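# Reading the structure
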Amino acid sequence: MRKVITVVGMVLGVTVLLVQDGLGFGPRVRDDDNFYQEIELFADALSTIEQDYVDEITAKDLIYGALKGMLSSLDSHSQFMDPETYKEIKVETEGAFGGLGIEISIRDSLLTIISPIYGTPAYEAGLKAGDRIVKIEDEITRDITLLDAVKKLRGKPGSKVKLTVLREGESELLDFTIVRDIVKIESIREPHMLTKNIGYVRINEFQEKTSEDLEAALATLTERGADSLILDLRNNPGGLLDVAVEVSEQFLEKNQLIVSTDGRRANQDMEFRARGRGRKYRWPVVVMVNEGSASGSEIVAGAIQDNKRGLVVGTKSFGKGSVQTIIPLRDGSALRLTTSKYYTPSGVCIHGEGIHPDIVVEMTPPPEEATEEETPSEGQKVFEEIVIEEGIEPPEAEEYAWDEEATAKELARDTQLARAVDILQGIRVYKSFGQNAE
């Protein structure tokens with residue numbers, strides 16, 4: 001059977017793919033006579049161009065051009081890839097290369113940043129979720145395809161690329177010159193204790209070993225006294241679908257629905273349910289999302305929210321819930337085709353809608369004494385900076401110790417994280433009322 005690849009996120013640093021076998025794609029005969037009439041029209045146009053166009057052009061160039069136009073007319077994520085482009089995409093999934101570390105999409109016909117990946121050149125340069133890239137190296141990006149944008153943004157490590165960005169709330173366009181680097185994304189960033197009983201885990205992206213690493217982190221946090229958890233999915237652009245499902249399973253009961261997909265073909269309609277595997281954590285959970293949370297992170301947040309397993313806190317997520325399947329063609333080219341959409345357990349289509357938090361918390365500016373240069377957008381980065389500034393030895397991965405002073409500064413500079421802590425502490429107090437009544 002033909003192997004196809006379901007795409008759940010395109011990261012300019014890592015393209016994340018889910019491989020599936022035997023989805024049943026192949027030639028399909030249609031009985032609609034109008035279909036064949038339109039094919040004849042296409043053949044007439046092709047023949048006319050080949051014979052009468054001012055410059056000589058090959059049939060292959062014409063067909064490739066037609067396929068590119070056909071796929072791009074469907075939606076912003078469907079693409080035709082010539083053999084060279086398809087080969088680059090496959091290489092991208094197998095090794096490291098020079099990139100910026102952002103996930104992009106086409107939104108309202110503009111090249112839009114879904115999320116800058118933590119620790120990458122794009123993140124360090126200050127690019128933000130929702131930024132519209134209007135120029136790449138002074139070339140206007142109007143009508144650019146995602147794959148063409150990937151080609152322009154990727155390059156040799158150490159080389160520079162200039163981006164001109166339109167940012168909401170800014171009166172002028174912003175220019176960024178970013179040095180490309182080898183993009184290697186750590187799935188889970190240094191879990192640690194925020195209080196004596198509240199553990200914190202940030203997932204940057206859903207990679208092959210994310211579920212396994214998360215389970216190990218939760219076990220260690222439990223040993224350190226954690227009985228509640230903040231799962232930070234802010235600026236997480238997604239990743240492997242099966243891994244997002246496995247992460248959700250660690251918090252859900254057996255047979256609870258995690259996510260479903262719906263497409264035109266019967267084999268594209270699937271349900272993913274918790275299988276009761278792995279360790280169960282019944283403690284209170286707060287999931288943090290923002291406009292940079294997309295795809296796999298929206299699946300996890302939606303599953304926990306709809307199954308009443310925890311609270312979602314932050315701002316509305318991006319809304320990337322369509323599934324693209326890469327279908328290889330006989331000459332080495334391929335179609336990247338939108339084949340289905342994701343739905344939360346309550347039946348809400350994630351695509352274009354996003355996850356709406358149970359409690360909306362905007363990211364407010366830090367205290368006046370903190371300068372813009374020293375104010376990162378995520379609490380974990382603050383934590384890391386504080387331990388360096390104060391000369392505190394950061395905890396070893398197996399310890400995840402609680403440093404009260406560092407945590408106080410971390411919460412002071414990350415208002416969303418501080419609110420999440422307040423919510424969990426409130427839940428703890430509320431439960432104590434019931435215990436006292438007994």
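Everything in this summary refers to the structure shown in the same document. (Residues numbered from 1 in each chain as written. Predicted model: local features only at pLDDT ≥ 70, side-chain atom pairs only at ≥ 80, totals over all residues. Heavy atoms only, no water.)

### Digging into the sheet that holds strand β21 (residues 359-360)
The six strands are arranged β12-β13-β14-β17-β18-β21 in an open sheet whose pairing can be described as mixed. Only two strands of the sheet have a single neighbouring strand rather than two, namely β12 (188-193) and β21. Note that strand β18 (residues 311-314) and β21 share two bridges and pair parallel. Bridging across to β21, Gly 314 finds its partner in Val 360. (Pairing = 2+ DSSP bridges. Helix = DSSP H or I, 4+ residues; strand = E, 2+ residues; numbered from the N terminus.)

### Some words on the pattern of salt bridges
Under the counting rule described, the total for this entry stands at eleven salt bridges. A salt bridge links Lys 152 to Glu 139; the shortest N-O distance between them is 3.1 Å. Of this pair, Lys 152 sits in helix α5 (residues 146-153) while Glu 139 sits in strand β8 (residues 139-140), and the two are 13 residues apart along the sequence. The partner of Asp 227 in a salt bridge is Arg 428, with the nearest N and O atoms 2.5 Å apart. Of this pair, Asp 227 sits in the loop between α6 (210-223) and β14 (228-232) while Arg 428 sits in helix α11 (residues 415-437), placing them 201 residues apart in sequence. Since its relative accessible area comes to 30%, Asp 227 is described here as partly exposed. Through salt bridges that share partners, Arg 202, Asp 232, Arg 234 and Asp 414 make up one connected network. (Salt bridge = Lys/Arg side-chain N within 4 Å of Asp/Glu carboxyl O. Buried < 20%, exposed > 50% of the residue type's maximum accessible area, 1.4 Å probe, protein only.)

### Here's the deal with the side chain of Thr 339
Structurally, the position occupied by Thr 339 is in strand β20 (residues 334-343). The class of Thr 339 is buried, set by a relative accessible area of 12%. At 2.9 Å, the side chain of Thr 339 and the side chain of Thr 325 are in polar contact. (Polar contact = N/O pair within 3.5 Å; in protein donor to acceptor, adjacent residues only side chain to side chain.)

### Structural notes on the packing of aromatic side chains
For the structure shown, the criterion picks out one aromatic pair. The cationic tip of Arg 107 hangs over the ring face of Phe 318; the distance from NZ or CZ to the ring centre is 3.9 Å. (Phe/Tyr/Trp six-rings, centres within 6.5 Å; stacked < 30°, edge-to-face > 60°. Lys NZ or Arg CZ within 6 Å of the ring centre and 35° of its normal.)

### Some thoughts on the environment of Val 247
Topologically, Val 247 is positioned in helix α7 (residues 241-249). For Val 247, a relative accessible area of 0% puts it in the buried group. Considering only alpha carbons, one finds Val 247 and Asp 213, 34 residues apart in sequence, at a separation of 9.9 Å. Sequence-distant contacts of Val 247, defined by excluding residues within four places in its chain, comprise Ile 203, Phe 206, Thr 210, Ser 211, Leu 214 and Val 300. (Contact = heavy atoms within 4.5 Å.)

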